[in-house]
2 protein chains.
Amino acid sequence: MEELKEKILREGVAIGTETVKVDRFLNHMLDMRLLEKIGARLAESFSQCRIDKILTVESSGIAVACMTSRYLGYPPVVFAKKAQPSTMTEGFFQAGARSFTKGTLSMLRVSEKLLSPGESILIIDDFLAHGEASSALTDIVSQAGGRVAGIGAVIEKGFQGGGKRLREKGYRVESLAVIEKIENGRIFFS
Amino acid sequence: MEELKEKILREGVAIGTETVKVDRFLNHMLDMRLLEKIGARLAESFSQCRIDKILTVESSGIAVACMTSRYLGYPPVVFAKKAQPSTMTEGFFQAGARSFTKGTLSMLRVSEKLLSPGESILIIDDFLAHGEASSALTDIVSQAGGRVAGIGAVIEKGFQGGGKRLREKGYRVESLAVIEKIENGRIFFS
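Values in this document were obtained by computation on a predicted structure and should not be read as measured data. (Residues numbered from 1 in each chain as written. Chains lettered and ligands numbered in written order. Predicted model: local features only at pLDDT ≥ 70, side-chain atom pairs only at ≥ 80, totals over all residues. Heavy atoms only, no water.)

## Thoughts on the overall build of chain A
Step number 1: Within chain A one finds six helices and eleven strands.
Step number 2: Computed over its C-alpha atoms, the radius of gyration of chain A comes to 16 Å, within 12% of the 16 Å expected for a compact globule of 190 residues.
Step number 3: Overall, chain A is about 45 × 35 × 30 Å in size when its C-alpha atoms are taken along their principal axes.
Step number 4: When burial is assessed residue by residue, chain A has 54% of its 190 residues classed as buried.
Step number 5: Sequence separation of 24 or more characterises 62% of the internal contacts of chain A that already satisfy a separation of 6 or more.
Step number 6: If you sum the accessible surface of chain A, you get close to 8,200 Å²; carbon and sulfur atoms cover 47% of it.
Step number 7: Distance between charge centroids for chain A: 1 Å, based on 26 positive and 23 negative side chains. (Helix = DSSP H or I, 4+ residues; strand = E, 2+ residues; numbered from the N terminus. Rg over C-alpha atoms; globule rule 2.2 N^0.38 Å. Buried < 20%, exposed > 50% of the residue type's maximum accessible area, 1.4 Å probe, protein only. Contact = heavy atoms within 4.5 Å. Areas by Shrake-Rupley, 256 points an atom, 1.4 Å probe, with all protein chains shown as cover. Lys, Arg positive; Asp, Glu negative; His and termini not counted. Charge placed at Lys NZ, Arg CZ, Asp CG, Glu CD.)

What follows is the structure, given as structure tokens:
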């Protein structure tokens, strides 16, 4: 998606070789005109699939998932909550996801009441990096007895391998911009 | 908003005399058709105001703010991040907000780069209870040198007084459903 790539080059901030900050339009402030187009484009990628629900993670996935839902006939959006690992497991599907950027482990949790066996679930997130969050969401869908219709991401950091691993597992993964490398403060797309 | 009130009565869960859980359509799973109407209605309430940006809090405010933006000509949405209080203050506007439900204190933070002096800011949230979050957001707008165009909430718990206090301070507050009391598992609207 050219407009997105141009936006990343113009307003994204490359940090080191691993991180790109997109706080000005995707992670902290939301460019709603762009998000509308992102939602439409992600929806288009999965328009031939049955989508009963969209599953994402708080907080940055929510806006993307909502905009995508609008263009798929308004399936409900469920967002997994991030919690510290604890022994409180009753009533939740849960799966762990490391954040390499933050050096933390989050437990992603979804109330058991919100996903049902047999549902076809589209996973949506803002970033696909090492694939920890998306992978945890596929785990949650599986715990619920559903199936993953596909995985849609706004920005994939190709060099961190998450997308590759998920595709190798057989998931259909669609990313609107794939970053090949970050070098000397510059961002290169595949 | 009648449809919202009916939804709260049908799918909300009253807990004790203070809490109503709306996980099935507003806080964990999002009913996107309803959110579309909620956004349109909140936008209508403030359609005569200049709105440069919408400010909300992660996570549950994001979807409401996004849907409202769509009907106001797409002003950017900024969501404050919740962090544990710390001494790291550089580059952020911040204000504390207690959660009476959770018994916690959060620091709401917005990057200084995302709000500018002179901007007219609409504050949007899912719940208006004791008014701690909205009040913290008004504080952040003031730190940025902006002005508050108004405060829009989906559900106001009138008996907790936050809305009253904010109105007494001179803010325009619009809530789509005002709960007067919660008693014996039943929810009563004003």
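## Quick notes on the relation of the copies chain B and chain A
Step number 1: The operation relating chain B to chain A is a screw motion whose rotation component is 180 degrees, with 0.0 Å of axial translation and a residual RMSD of 0.0 Å. Such a combination of turn and shift is consistent with a two-fold rotation axis. Closest approach to the rotation axis among the C-alpha atoms of chain B is made by S59(B), whose C-alpha sits 2.6 Å away.
Step number 2: A share of 100% of interface residues in chain B that are also interface residues in chain A marks the association as one of identical surfaces. (Least-squares fit on C-alpha atoms with pLDDT ≥ 70 in both.)

## A few points about the UniProt feature "binding site: 5-phospho-alpha-D-ribose 1-diphosphate" (unreviewed entry) in chain A
All names here are of chain A.
Step number 1: In the UniProt entry, the feature "binding site: 5-phospho-alpha-D-ribose 1-diphosphate" (unreviewed entry) is given for A129, H130, G131, E132 and A133.
Step number 2: Positionally, G131 belongs in the loop between β8 (120-128) and α5 (132-143).
Step number 3: Overall, the relative accessible area of 8% leaves G131 in the buried class.
Step number 4: What G131 contacts, discounting residues up to four positions off in sequence, is G162 and L166.
Step number 5: With respect to the helices and strands, A133 occurs in helix α5.
Step number 6: Not counting the four nearest positions on each side in its chain, A133 is found in contact with V57, A97, L108 and D125. (UniProt positions renumbered as here; feature names shortened; annotations may be inferred.)

## A word on the interface of chain B and chain A
Step number 1: Each partner contributes residues to the interface: chain B has 32 residues there, and chain A has 33 residues.
Step number 2: Counting each side, the surface lost to burial between chain B and chain A is near 2,800 Å², with a carbon and sulfur contribution of 64%.
Step number 3: Here chain B is connected to chain A by two salt bridges.
Step number 4: Between E36(A) and R70(B) there is a salt bridge, with the nearest N and O atoms lying 2.8 Å from each other.
Step number 5: In this assembly, chain B and chain A are joined by 17 residue pairs in polar contact (both at pLDDT 80 or more).
Step number 6: Elements supplying a minimum of two residues to the side of chain B that touches chain A: α2 (23-27), β3 (29-30), α3 (32-45), α4 (60-70), β5 (77-83) and β7 (104-111) of chain B.
Step number 7: The element that contributes the greatest number of residues to the side of chain B that touches chain A is α4(B), accounting for seven residues.
Step number 8: Of the residues assigned to the side of chain B that touches chain A, the class counts are 15 nonpolar, seven polar and ten charged. (Buried area = accessible area lost by both parts, 1.4 Å probe. Salt bridge = Lys/Arg side-chain N within 4 Å of Asp/Glu carboxyl O. Polar contact = N/O pair within 3.5 Å; in protein donor to acceptor, adjacent residues only side chain to side chain. Nonpolar A, V, L, I, M, F, W, Y, C, P; charged D, E, K, R; others polar.)

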